[in-house]
Each structure stands twice: as structure tokens, then as C-alpha cells.
Amino acid sequence: MNGDSPPAGRRIPAHAVRHAIRDDIVAGAYPFGSRLTEELLARRYGVSRVPVREALRALESEGFVTTRRHAGACVAEPTEREAADLLEIRSLLEPLAAGRAAQRRTEAHLKVLRGLVVLGRERARHGQAADLRSLDAWFHETLAQASGSPSLIALLTQVRRKIAWVYAVPRSAPTADTWTERGAIVDAVARGDAGRARALMAAHTELAPPEGSRLRRPAAVRNPKQSVNTERVQN
């Protein structure tokens, strides 16, 4: 397992097991196709096998885990078509959220969005990639919250999470142009111009992966009877 993986044996509440496993899958701690063994996962997160089993079932319904004959639960391996579908879904939902935000946003939402644009431009000028990735997520989450639609927020959260899982983002920082575009979106939202906000967000997202990202390489084909995740979980 890579250096960003959580330490073995950490104890977490049983109800948080699904979130912990999902976060580690998205972060790449468990590669595509790797086996997820209940016993090893239970030891890793300091819980019994029951919440682990329930978590794997839930993650299978979300598309992060698949069950294979003779292998059991494994990390899913999205195809290039599935990866492209995620971008298309995002390109439909993000403009909708921006348009709704223009109609339903509060002054508190605007204050946060404007502050994020200022920070984003500043960090981009200094090439602070790690900060920019956090600010990017915060911007889109805030804009979604401003839409005032719980269903839309949930869908966007799931889609963005899967895009972060499927696409690897390099350490190089994006340019300030991205934050200039976002500043224009915030201006449209502030004016209550839903049509303009939708159009700008559509141009901002257009069927392209996150700036500078690339599709993660799938795991090598392995013997399904081999416990491919044993060493990774124990390290």
C-alpha cells in the first residue's frame, strides 16, 4: 500500500466503516480489481466482520465494489466508457446546480464562493497544487449546496467522488484561468442570472476530465483465487 494509506488496526465506529473503505478506495489505497477480504478489513479498521460485510454490500450498490466468483468482494474496475459517462453526467448536473444556485443562493453562499475564488486565484499564481485541489472541491460543494436541492447535491457528490476515483490528478497546479471562469459563474449567480450561470458552468465543465488529470491505469489481471490485497492491507 502507498504511503497515503491509513495505518493498520485503527479503530473507527462501526457505522463509519463504509465511509472509511470508500475513502480509501477513492484515494487509490485499494487498486482496481484488488480483493477486499472481510477479515483483513475488520482488522484494519478495528471492527468486527459484520459492519465490514454490510459496508461492502452498500459499496457494491454504489458501484465501488463488485463480487466475483471464487474471489468474493473486489474493487470494481470501471471501463473507459463508464469513465466517459461520469464526465457526461457531471456536464449535465453541474450547470443545473449553477442555475438553481442563481435562484436560491443565500448571502452566506455568495460570501464563501467569492472568498474561494480569491483564494483560488492566489494559490494558482503561486502554483500551490495541493491547496487548489481542496479549494476546487470546496467550490463545487458550496455551489451545489447553494442549489437548495438535496437530491441534486447527493447526485453531484456521488459523481464527483467517482470521478476522483477513476481519474488520477497530477501534482502540477492548474492555471488561474480556471478560477477566472469560476469568478464569472459566481457573478452570474450573484445577479440571479440562472441562464448565464448554466451556460458558463456548461462551458467550464464540458466533457473533459479534471484539469490535467488522466485515467487511472486498471490493476493487472490476477488469479481470482489469489488474495491480492493481503500484503497491502497488512502494511
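Cut-offs and rules
- Residues numbered from 1 in each chain as written.
- Predicted model: local features only at pLDDT ≥ 70, side-chain atom pairs only at ≥ 80, totals over all residues.
- Heavy atoms only, no water.
- Salt bridge = Lys/Arg side-chain N within 4 Å of Asp/Glu carboxyl O.
- Helix = DSSP H or I, 4+ residues; strand = E, 2+ residues; numbered from the N terminus.
- Buried < 20%, exposed > 50% of the residue type's maximum accessible area, 1.4 Å probe, protein only.
- Core = buried A, V, L, I, M, F, W, Y, C linked by side-chain atoms within 4.5 Å.
- Phe/Tyr/Trp six-rings, centres within 6.5 Å; stacked < 30°, edge-to-face > 60°.
- Polar contact = N/O pair within 3.5 Å; in protein donor to acceptor, adjacent residues only side chain to side chain.

Brief notes about the pattern of salt bridges
Phase 1: This structure, assessed with the given rule, holds eleven salt bridges.
Phase 2: Between Arg43 and Glu39 there is a salt bridge; the shortest N-O distance is 3.4 Å. With Arg43 and Glu39 both in helix H2 (residues 38–45) and four residues apart, this pair spans about one turn of that helix.
Phase 3: For Glu39, a relative accessible area of 45% corresponds to the partly exposed category.
Phase 4: Linked through salt bridges whose partners overlap, the residues forming this network are Arg18, Arg22 and Glu62.

What to know about the nonpolar core
Phase 1: The biggest cluster of nonpolar side chains holds 36 residues, and the ones touching the most others in it are Ile21, Ile25, Leu36 and Trp165.
Phase 2: Breaking this core down by element, the ones donating at least two residues are helix H1 (17–26), H2, helix H3 (49–62), strand E2 (72–75), helix H4 (80–104) and helix H7 (150–166).
Phase 3: At seven residues, the largest contribution of residues to this core is made by H7.
Phase 4: If you look at the next biggest cluster of nonpolar residues, it comprises 23 residues, including Leu113, Leu132, Ala190 and Ala194.

Notes on the packing of aromatic side chains
Phase 1: What the rule picks out here adds up to three aromatic pairs.
Phase 2: Both rings, one in Phe32 and one in Trp165, keep their centres 5.4 Å apart while their planes meet at 80°; by these two values the pair is edge-to-face. Of this pair, Phe32 sits in the loop between H1 and H2 while Trp165 sits in helix H7; the two residues are 133 residues apart in sequence, bridging distant segments of the chain. Of the two residues, Phe32 and Trp165, both sit in the buried class.
Phase 3: For the ring pair Phe64 and Trp165, a centre distance of 5.0 Å and an interplane angle of 50° mean the geometry is tilted. Pair noted here: Phe64 is in the loop between H3 and strand E1 (65–68) and Trp165 is in helix H7, with a separation of 101 residues, a long-range link.

Topic: the environment of Tyr167
Phase 1: Within the fold, Tyr167 resides in strand E3 (residues 167–168).
Phase 2: When its relative accessible area of 7% is taken as the criterion, Tyr167 is described as buried.
Phase 3: For the pair Tyr167 and Val26, spaced 141 residues apart in the sequence, the C-alpha separation amounts to 9.6 Å.
Phase 4: Within polar-contact distance, the side chain of Tyr167 engages the backbone oxygen of Ala83 at 3.5 Å.

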